[in-house]
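Results of the structural survey
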Amino acid sequence: MSSLLILKTRICLKYVSPLFNPSTAGFTPLNNVISKLSVRTRLLCTKGVSRHAANNRKEDRQREFNIRERPPFPKSVFAAGTAKRTAEYQKKRVEEEPDFPRKNKRVEPPEHPLTASEWKSLKLTSPNPDRFDVRMMSSMLADGTDINVAKSLLAYVAMDTGTLSYELLLRYLTLCVGGSHHSEVFDMYDIMRSRFRTLDTGASSLFIKGFSRTERWKEALTILENIKRAITPSPRNYGDTIAGAVLHGDGATAWALYAELMEKGLIPNQETWQALFQCGLSHQGHEDGLQSILLHMRDNQIYPEETLVKDIKAWFESLPEQKWIGSWSTVHPRGVCRSCQAELESIQLSQEEYAQLKDRVMGDVIQGRDVFNKTTPEELESFKNFVKRKPTFDVVIDGLNVANIGIKGNQSQTLLEVVSELERQGLVILVLGRKHMQRPSRSWDRNDMSLVQQKAHCFFTDNISEDDPFLLYATLHSGNHCNFVSRDLMRDHKACLPDGATRRLFFKWQRGHQLVLSSYTPGKRVRFQRILTYDTIVQTNGGSWHIPYDENGAERCTYEVPQKWLCLTRAK
Ligand SMILES: [Zn+2]
């Protein structure tokens, strides 16, 4: 079918364009077409596109979550899916925005291959004939349209314009690779290789993926080598070649590639791990390698997805003589696995971990350069002296943030109720506030504020200051037992932290020390969400493994943790 297309294209070009010399052998006409195109045309790299889109989605979610309102769900803010539900709830509350007509109206791919004249009339009747071919091919990609329809489009474009743009060809190649049309992929490879000495990354990545699934999988290794001469290949490039090796029973090559990927400091995809576990399932050995993957997940606070965790379970259960039994489980709030009753690792930081975190946060976030955008060194110094004079605190409250949870115009009452509840628990409290809170107004009642100051130690910063550095300083200075109350999740500060290990400690500390109001109704008793006692992380004690995993389709923000676990124990 593919050679038919090339033939058709050639004939079409020959027919319409005297520029092409029909006597030249091979695919010259199409090659001529390609040679006119810049290699640097905007590339269609599926990986890049999807990652960009994913980032946008993530930012959107985070932005939505930043709205400071009481969450409608009583579950822990760190539970997977909470941010998404909150965002949806917020969205529902916002009045529906009017629908703006979309600028680039989508073109609908036809159901059957069209003739050139049919394509022509479709293009002419389209509301926007500009870049019709590329937009049409994109729609086909999105819909997974039959490859023959795409071929008929290429034939028409070649005949109509005498040229096939690089952009269009790459989209076509993506369609071929996505639909596993192997012979079409081989044809495209021959065409492009005969024209260019090297292939660009977008096309190379597609060819690696395409070749890996076929008997010509070893050529993917050659393409990978070619990429390496110019740039570091992507984790996806490695993943595809590893999957190719596994598929064709070459475990040694798969593991060698994986070692190379890790050496380069790349972050492997879940599919890559899945391929390796599947490899371990069909070939014995590689136990150390597979266990090191699990430990890598632990160190980097990565959670396997449901499809991967199923393969992990199957692999454990396949190990001869070891008698592993896997079961799907959840964890009791006390930190006990509901399946095997084992106690999970505590959320509390060890003394060394705590000292390390405190050191880095004090150095990088509080003393760091960025803090002077938010406060003055003098103010920070006077705060430090204030803290030194006081006893150690049990709980530090972000006053403004907490006050804004309640009804507008009644901030001081909200703050007072929160402070009163904590005082009832016999805690030593610090309230961080702004100077304007001390000036009586409709929001800040004089009596409320004077009661707050009787029940808690208070420090009021300049109106321009940001509270977070003060909150972090006071909480960390007070010690590992000290908690804090804020709706903020302090993402900015995590970004300031120098390395992954410290960021993970910060994240763990935050989950173990942040008190969040579960619900607030003026006049009713204030309640806080429970702080989980256990840490959600891949863990083992030799005799058992506990692996938290992401359920299919469940969206989880970076600061949330999964709720489902794989429990692996040994039969006695
Ligand atoms: Zn268990």
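From a predicted model like this one, the values you see are computed outputs, not experimental measurements.

Within the protein one finds 24 helices and 11 strands. Across the 572 residues that make up the protein, the buried fraction comes to 49%. Surface summary for the protein: the accessible area is close to 28,100 Å², and the carbon and sulfur share equals 50%.

Here T145 lies in the loop between α6 (132–143) and α7 (147–161). Contact partners of T145, with chain neighbours within four places excluded, come to P109, P110, S139, M140 and L175.

Donor atoms from the polypeptide that bind the zinc ion are C337 (SG), C340 (SG), H546 (NE2) and C567 (SG), placed at 2.0 to 2.3 Å. Classification of the site at the zinc ion as tetrahedral follows from its four donor atoms and the range of 103 to 116 degrees in their angles at the metal.

Counting 75 residues, the largest nonpolar core has W119, F207, I293, L294 and F316 as the members making the most contacts within it. Per element, the largest residue contribution to this core is nine residues, and it comes from helix α8 (residues 166–178). Residues A403, I405, I429 and Y520 belong to the second largest nonpolar core, which totals 27 residues.

Between helix α5 (residues 116–125) and α6, the shortest axis-to-axis distance is 11 Å and the interhelical angle comes to 100 degrees. Between α5 and α6, the angle is such that the two are roughly perpendicular. Where α5 approaches α6, its residues W119, L122 and K123 are matched on the opposing element by F132, M136 and M140. Residue composition of the contact of α5 with α6, by class: five nonpolar, no polar and one charged.

What follows deals with the packing of helix α10 (residues 201–212) against helix α11 (residues 218–230). Where α10 meets α11, the axes come as close as 8 Å, and the angle between the chain directions of the two elements is 160 degrees. Taken together, the axis directions place α10 and α11 in an arrangement best described as roughly antiparallel. Like other packed secondary-structure pairs, α10 and α11 cross with a definite hand, here left-handed. Contact with α10, carried on its side by S204, F207, I208, F211 and S212, involves E219, A220, I223, L224 and I227 of α11 and no other residues of that element. Residues belonging to the contact of α10 with α11 are distributed by class as follows: seven nonpolar, two polar and one charged.

Turning next to the sheet that holds strand β6 (residues 514–515). Pairing in this open sheet of five strands is parallel, and the strands run β4-β3-β2-β5-β6 from one edge to the other. Pairing within the sheet leaves two strands with one partner each, and these edge strands are β4 (457–461) and β6. Relative to β6, strand β5 (residues 483–485) runs parallel, the two sharing two bridges. When the bridges of β6 are listed, V485 appears paired with L515.

Attention shifts here to the sheet that holds strand β10 (residues 544–549). The four strands are arranged β1-β11-β10-β9 in an open sheet whose pairing can be described as antiparallel. Pairing within the sheet leaves two strands with one partner each, and these edge strands are β1 (324–329) and β9 (539–540). In the sheet, β1 pairs with strand β11 (residues 564–570) via six bridges, with the strands oriented antiparallel. The partner of I325 across the bridge, within β11, is T569.

Summed over all chains, the structure comprises 20 aromatic pairs. Seen from their ring centres, W315 and F316 are 5.0 Å apart, and the 70 degrees between their planes marks the pair as edge-to-face. Among the aromatic side chains, those forming a connected cluster through ring pairs are F277, W315, F316, W324 and W545. Over the ring of F186 we find R216; its NZ or CZ atom is 4.2 Å from the centre of that ring.

Here we take up helix α12 (residues 235–247). Taking 1.5 Å as the rise per residue, α12 with 13 residues should run 18 Å; its terminal C-alpha atoms sit 18 Å apart, in good agreement. With 10 of 13 residues buried, α12 lies mostly within the body of the structure. Of all the positions in α12, only P235, N237, Y238, G239, D240, T241, I242, G244, A245 and V246 are classed as buried. Residues of α12 that are buried in the fold lie against α10, α11, α13 (251–263) and α14 (270–282). Just downstream of α12 lies G249, where phi reads positive at about 75 degrees.

A few words on the pattern of salt bridges. For the structure on display, the rule yields 19 salt bridges. Between E353 and K508 there is a salt bridge whose closest N-O contact spans 3.8 Å. Residue E353 is located in helix α17 (residues 351–366), and its partner K508 is located in helix α24 (residues 500–513); the two are separated by 155 residues in the primary sequence. With relative accessibility at 25%, the residue E353 sits in the partly exposed group. On the basis of relative accessibility, which here comes to 11%, the residue K508 falls in the buried class. When the shortest N-O distance is used, the salt bridge between R525 and E421 registers 3.0 Å. Here E421 lies in helix α20 (residues 411–424) and R525 lies in the loop between β7 (517–519) and β8 (527–528), a separation of 104 residues in the sequence. For R525, a relative accessible area of 52% gives the class exposed.

Another point: the pairing of β10. For β10, the tally of buried residues reaches six of six residues, placing the bulk of the element in the interior. Side chains S544, H546 and P548 of β10 all project onto a buried face; the interleaved residues W545, I547 and Y549 project onto the opposite face, where all are buried too. Two strands pair when backbone bridges link them, and β9 and β10 are joined in this way by two bridges, in the antiparallel orientation. Each bridged residue has a counterpart across the sheet, and for T540 the counterpart in β10 is W545. Between the end of β9 and the start of β10, which pair antiparallel, lie three residues, with G542 showing a positive phi angle near 90 degrees. Pairing of β10 with β11, which is carried by six bridges, proceeds in the antiparallel orientation.

The end-to-end C-alpha distance of α6, which contains 12 residues, comes to 16 Å, matching closely the 16 Å that a straight helix rising 1.5 Å per residue would cover. All of the buried residues along α6 are F132, D133, V134, R135, M136, M137, S139 and M140. Those residues of α6 that are buried lie in contact with α5, α7 and α8. A positive phi of about 65 degrees marks G144, the residue just after α6.

The rules we used
Residues numbered from 1 in each chain as written. Predicted model: local features only at pLDDT ≥ 70, side-chain atom pairs only at ≥ 80, totals over all residues. Heavy atoms only, no water. Helix = DSSP H or I, 4+ residues; strand = E, 2+ residues; numbered from the N terminus. Buried < 20%, exposed > 50% of the residue type's maximum accessible area, 1.4 Å probe, protein only. Areas by Shrake-Rupley, 256 points an atom, 1.4 Å probe, with all protein chains shown as cover. Contact = heavy atoms within 4.5 Å. Donors = N, O, S within 2.8 Å, 3.2 Å for Na, K, Ca; no water. Tetrahedral: all angles 85-135°; square planar, octahedral: opposite > 155°, others 65-115°. Core = buried A, V, L, I, M, F, W, Y, C linked by side-chain atoms within 4.5 Å. Axes fitted to C-alpha atoms, helices over the stretch in contact; angles between N-to-C directions. Parallel < 35°, antiparallel > 145°, perpendicular 65-115°, else oblique. Nonpolar A, V, L, I, M, F, W, Y, C, P; charged D, E, K, R; others polar. Left-handed = near helix turned anticlockwise from the far one by under 90°. Pairing = 2+ DSSP bridges. Phe/Tyr/Trp six-rings, centres within 6.5 Å; stacked < 30°, edge-to-face > 60°. Lys NZ or Arg CZ within 6 Å of the ring centre and 35° of its normal. Expected span 1.5 Å × (residues − 1). Salt bridge = Lys/Arg side-chain N within 4 Å of Asp/Glu carboxyl O.

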